[in-house]
Amino acid sequence: MKVLVINCGSSSLKYQVLDMTNETLLAKGLVERIGMAGSVLKHEKTNVEEKFIQETPMKDHKDAIANVMNAITDSIYGVVKSMDEIGAVGHRVVHAGEKYATSVVIDNKVIAALEECVELAPLHNPPNLLGIAACQELMPGTPEVAVFDTAFHQTMPPESYIYAIPYEYYTKYGIRRYGFHGTSHKYVAERAADMLGVNIADLKLITCHLGNGASVSAIKRGKCIDTSMGFTPLAGLAMGTRAGSIDPAIISFIADKEDLTADEVLGILNKKSGMLGISGISSDFRDIADAIADGNVRAELALKVFAHRVRYYIGAYIAEMNGVDAIVFTAGVGENDVDTRDVICSELGNLGIKLDLVKNKVRGKETVISRDDSKVAILLIPTNEELVIARDTYELTK
Ligand code: ADP
């Protein structure tokens, strides 16, 4: 069975087509600038070097998905003869609140539940819902599955997810820690167990998803027991442009001093903070590394703050789980940034965490990067959220 995986953002859409009989990637692509001038689709067929690029107006997500369908059925660049070969569509959906702890086949009840979650994820759930509606219209009869970023974290115990604020804000408004990147944390945790040859039920893992957005999770016996993101993806680690957790009193203080609304300050904490905010240079760790090489002190400080936060959560989660067997690095920075991994892991030797500086000189490859005498394994595992979405979609619809 072939599965189409769709990840809709507000003005972009990523997709993959996978053959689930052998879990192979047949094609992938990206649509950018949906609803703006210069809409473009970039499609890549596996093992074909030349990309198929189509610049054509796309006023909404339905136009975008219609063009995706054209690309995947194209006589040269396509991977199916007709859309009938696509057995199911899997959608990445950011927020399911407390409604779903696993992936689900989409029906009207699921759509209504996700609409109720829009206020929890006003930037993310609406485009996800647009993608679902467009597929229903363009591929009637093809089952659709929703795979949620929040689902894997639903196993957290209340002491991890309840904020110490009046309890009625939780019962009235659902204000609690939800956590995000769950699909990635789940994937790398399962791969870690495979790599170590140990049943996941016997492992204590700390998974570090370090990309533009970044989060750390504590995974005990295969279940998430804590994670660094919170009610929204703004909490926890310092990130590319996000502040991560700060003293909440800072918000009204800045609003007052700079004559801004609370929403405007939140915009700054989301888009102008993190690596970009501290360094004043860039949110991209490659630019930060270049600036450090040129002797830029604020870039160096940004990297130190980032590493400090990651270490802070590693320490906290070791305490929460009463130990750790393996630490996993994944996502853009975790998979590729040799120096950042090095800075994070330095000074952790007394906890039995010893990075091998030679083995660490590697990018984007599943491998062990700890020293042989390290009590805790340190693993590099490229994430594959699309594969998890395709697997869940296949399992629920086959
Ligand atoms: P997201 O999916 O959250 O947008 P990614 O997981 O793709 O983010 O990570 C993107 C980030 O990864 C980039 O902003 C960059 O900082 C970092 N990155 C990617 N490649 C490298 C590299 N070779 N060295 C250092 N950092 C890298």
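Preceding this section is the structure that the text describes.
This text gives an overview of the structure that appears in the document. (Residues numbered from 1 in each chain as written. Predicted model: local features only at pLDDT ≥ 70, side-chain atom pairs only at ≥ 80, totals over all residues. Heavy atoms only, no water.)

Here's the deal with the overall build of the protein
Here is the rule: Under the scheme used here, helices are H or I runs from DSSP no shorter than 4 residues and strands are E runs no shorter than 2 residues, and both carry numbers assigned from the N terminus. Put simply, the radius of gyration uses C-alpha atoms, and a globule should come to 2.2 Å times the residue count raised to 0.38. Using a 1.4 Å probe on the protein chains alone, a residue whose accessible area is under 20% of its type maximum counts as buried, one over 50% counts as exposed, and one in between counts as partly exposed. Whether two residues are in contact is decided by their heavy atoms, any of which lying within 4.5 Å being enough. The charged-residue count follows a simple rule in which Lys and Arg add positive charge and Asp and Glu add negative charge, with His and chain termini not counted at all. A charged residue contributes its charge at one atom only: NZ of Lys, CZ of Arg, CG of Asp or CD of Glu.
The secondary structure content of the protein amounts to 14 helices and 14 strands. Over its C-alpha trace the protein gives a radius of gyration of 21 Å, about what one expects of a compact globule, namely 21 Å for 398 residues. Each of the three principal axes of the protein carries a C-alpha extent, and together these read 60 × 55 × 45 Å. Counting over 398 residues, the protein shows a buried share of 49%. The contacts of the protein with a sequence gap of at least 6 include a subset with a gap of at least 24, amounting to 60%. One finds the centroid of the 41 positive side-chain charges in the protein at a distance of 3 Å from the centroid of its 52 negative side-chain charges.

A closer look at the sheet that holds strand 3 (residues 24–32)
Keep this limit in mind: Two strands qualify as a pair provided that DSSP identifies no fewer than 2 bridges between them. What counts as an axis is a line fitted to C-alpha atoms, over the stretch in contact for a helix, and the angles between N-to-C directions run from 0 to 180 degrees.
On the basis of which strands lie adjacent, the open sheet formed by eight strands has the order 5-4-3-2-1-6-8-7 and mixed pairing. The sheet is open, and its two edges are formed by strand 5 (52–55) and strand 7 (104–105), each paired on a single side. Contacting strand 1 (2–8), strand 2 (13–19), strand 3, strand 4 (40–45), strand 5 and strand 6 (86–93), helix 1 (residues 61–72) runs over the sheet at an angle of about 35° to strand 2.

A short note on helix 10 (residues 285–293)
Under the convention used in this document: The directions from the helix axis to the C-beta atoms form the arc being described. The definition of a polar contact used here is a pair of N or O atoms within 3.5 Å, where within protein one atom must be able to donate a hydrogen and the other to accept one, and adjacent residues in sequence count solely through side-chain atom pairs.
Looking at helix 10, one finds that the buried residues are Phe-285, Ile-288 and Ala-291. Buried residues in helix 10, looked at end-on, bunch into an arc of 115°, giving them a common side. Exposed and oriented more than 90 degrees from the buried face of helix 10 are Arg-286 and Ala-293. Residues of helix 10 that are buried in the fold lie against helix 9 (274–279), helix 11 (297–321), helix 12 (331–336) and helix 13 (338–345). Sitting at the amino-terminal end of helix 10 is Asp-284, which places a side-chain oxygen 2.8 Å from the backbone nitrogen of Arg-286. Note on helix 10: the residue one or two positions beyond its end, Gly-295, has a positive phi of about 85°.

Points about helix 14 (residues 385–397)
Each full turn of the α-helix corresponds to 3.6 residues, which orients residues three or four apart in the same direction. What counts here: One less than the residue count of a helix, multiplied by 1.5 Å, gives the span that helix is expected to have.
An ideal rise of 1.5 Å per residue puts 18 Å on 13 residues; helix 14 measures up with 18 Å between its terminal C-alpha atoms. Considered for burial, the residues of helix 14 that qualify are Glu-385, Leu-387, Val-388, Ile-389, Ala-390, Asp-392, Thr-393 and Thr-397.

Some details on the site of the ligand
The condition is simple: Residues are counted as near a molecule or strand when any one of their heavy atoms sits within 4 Å of it. Surface exposure here means Shrake-Rupley accessible area, sampled with a 1.4 Å probe, where a residue is shielded only by the protein chains that are shown.
Residues in contact with the ligand, as listed here, are Gly-211, Asn-212, Gly-213, Asp-284, Phe-285, Arg-286, Ala-331, Gly-332, Val-333, Asn-336, Asp-337 and Arg-363. One nitrogen or oxygen atom from the main chain of Phe-285 is found 2.7 Å from an oxygen atom belonging to the ligand. In this structure, Gly-332 approaches the ligand through a main-chain N or O atom, which is 2.9 Å from an oxygen atom. For the ligand, whose unbound accessible area comes to 580 Å², protein coverage reaches 68%.

Some remarks on the sheet that holds strand 12 (residues 326–330)
Taken together, the six strands give an open sheet; going across it, the order is 11-10-9-12-14-13, and neighbouring strands pair in mixed fashion. Looking along the sheet, the strands with just one partner apiece sit at the ends: strand 11 (223–227) and strand 13 (367–368). Bridging between strand 12 and strand 14 (residues 377–380) involves four bridges; their strand directions are parallel. Considered in strand 14, the bridge of Ala-326 is made with Ala-377. Sheet strands in contact with helix 11 are strand 9 (204–210), strand 10 (214–220), strand 11 and strand 12, and its direction is about 160° off that of strand 9. Contacting strand 9, strand 12 and strand 14, helix 13 runs over the sheet at an angle of about 150° to strand 12.

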